[in-house]
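Reading the structure
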Amino acid sequence: MSDPAATPPGATATGTAGAGATGAPDENGTTLLTDGLPPAQGKETPSTDAKPGAGEQPQGSDNGQPPATDAPPDPSALVPESPDGYAFTFAKEVSVDTGLLDAFKPAAHKLGITQAQAQGMADFYAEHAAAAAAETSRRQGEALRQAVDGWETEIKAMPGYAGMRTDAQRALAQYGSPELFQVVDDTLIGSHPAMFRFMAAVGKALAEPEFRGKGNSTGPLTAEKVLYPDMK
């Protein structure tokens, strides 16, 4: 049996001792001298984003609640106190159904819909109504255009169409005002067969000598005298 004291300085002892006995780092990354010591007294370990331990609160929080602020709550995120508390905004070109809107307010309040949610639903309705109105207008315009095309086809097929048109335009040019021209164009009545025949008859009468004679004997010829020659 060897005497430990006889071991020369600097010599290593042999046996079954583990790596820790030699001063080499163990599997935890510490040595025999630092194993088990707090980081402040031994080897410091890399810092990590550790979660707060028991009893600790995250910075800036109060018992797990979000930090208090002085900002007031957003009114649009709240349910109004009464149905009349809802306020809606629409574009100027939107035609609002006030009756439907008044009926929607109590229903929205009963369901607990916030102001912002109610406005979103109103915007959706306005967009849908505008699209429906545009489609209706398009269909009506197409139907009117087809009707006018039919009227003009009938007029152009009339015997003596060219002369009738000359007579009709004579009457309109002589007694028509700018306002009348605008009405004729806006309503498209100038392309209606009944109006075309009427104006052609008036224009033809203006060109006949007997009508011009009657006009001269009783003063200047007027539209009333042309349209109603027997009127006193």
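The structure we're discussing is the one just above.
Figured I'd write up the structure that's included with this text. Here the structure is a predicted model, which means the values were calculated and not measured. (Residues numbered from 1 in each chain as written. Predicted model: local features only at pLDDT ≥ 70, side-chain atom pairs only at ≥ 80, totals over all residues. Heavy atoms only, no water.)

**Looking at the side chain of Lys105**
Along the chain, the position of Lys105 falls in helix α1 (residues 98-110). No salt bridge is formed by the buried Lys105; its nearest oppositely charged neighbour, Asp102, is found at 4.5 Å. Beyond its immediate stretch of four places on either side in the chain, Lys105 contacts Pro83, Tyr86 and Phe88. (Helix = DSSP H or I, 4+ residues; strand = E, 2+ residues; numbered from the N terminus. Buried < 20%, exposed > 50% of the residue type's maximum accessible area, 1.4 Å probe, protein only. Lys, Arg positive; Asp, Glu negative; His and termini not counted. Salt bridge = Lys/Arg side-chain N within 4 Å of Asp/Glu carboxyl O. Contact = heavy atoms within 4.5 Å.)

**Description of the packing of aromatic side chains**
Under the counting rule described, the total for this entry stands at four aromatic pairs. Between the aromatic rings of Tyr161 and Phe196, the centroid separation amounts to 6.0 Å while the plane-to-plane angle is 25°, which identifies the pairing as stacked. Of this pair, Tyr161 sits in helix α3 (residues 161-175) while Phe196 sits in helix α5 (residues 193-207), and the two are 35 residues apart along the sequence. Aromatic ring contacts, followed pair by pair, group Tyr86, Phe88, Phe90 and Phe104 into a single cluster. (Phe/Tyr/Trp six-rings, centres within 6.5 Å; stacked < 30°, edge-to-face > 60°.)

**A short note on α1**
Here α1 contains 13 residues, and its C-alpha end-to-end distance of 19 Å stays within 8% of the 18 Å for a straight helix at 1.5 Å per residue. By the burial criterion, the buried members of α1 are Leu101, Lys105 and Ala108. In this structure Asp97 caps α1, since a side-chain oxygen of it lies 3.2 Å from the backbone nitrogen of Gly99. Positioned one or two residues after α1, Gly112 has a phi angle of 75°, which is positive. (Expected span 1.5 Å × (residues − 1). Polar contact = N/O pair within 3.5 Å; in protein donor to acceptor, adjacent residues only side chain to side chain.)

**Quick notes on the nonpolar core**
Formed by Tyr86, Phe88, Leu101, Ala108, Ile113, Ala118 and Ala122, the largest nonpolar core amounts to seven residues. Only α1 and α2 (115-156) provide two or more residues apiece to this core. Beyond its immediate stretch of four places on either side in the chain, Ala108 contacts Tyr86 and Ile113. Counting six residues, the second-largest nonpolar core is a separate cluster that includes Ala168, Met199, Ala200 and Leu206. (Core = buried A, V, L, I, M, F, W, Y, C linked by side-chain atoms within 4.5 Å.)

**Considering unusual backbone geometry**
A positive phi angle, near 65°, is found at Leu188, a position not held by glycine. Turning to its location among the elements, Leu188 is positioned in the loop between α4 (178-187) and α5.

**Looking at the pattern of salt bridges**
Scanning all chains against the criterion turns up six salt bridges. The closest approach of N and O atoms between Glu135 and Arg139, which form a salt bridge, is 3.0 Å. With Glu135 and Arg139 both in helix α2 and four residues apart, the pair spans about one turn of that helix. Bridged by salt links that share partners, the residues Glu135, Arg138, Arg139 and Glu142 form one connected network.

**Comments concerning the packing of α2 against α5**
Where α2 contacts α5, the axes come no closer than 9 Å and their chain directions differ by 40°. Overall, the two elements α2 and α5 adopt an arrangement that is oblique. Along its contact with α2, which presents Trp151, Glu154 and Ile155, the element α5 presents Pro193, Phe196 and Arg197. The residue inventory of the contact of α2 with α5, partitioned by class, reads four nonpolar, no polar and two charged. (Axes fitted to C-alpha atoms, helices over the stretch in contact; angles between N-to-C directions. Parallel < 35°, antiparallel > 145°, perpendicular 65-115°, else oblique. Nonpolar A, V, L, I, M, F, W, Y, C, P; charged D, E, K, R; others polar.)

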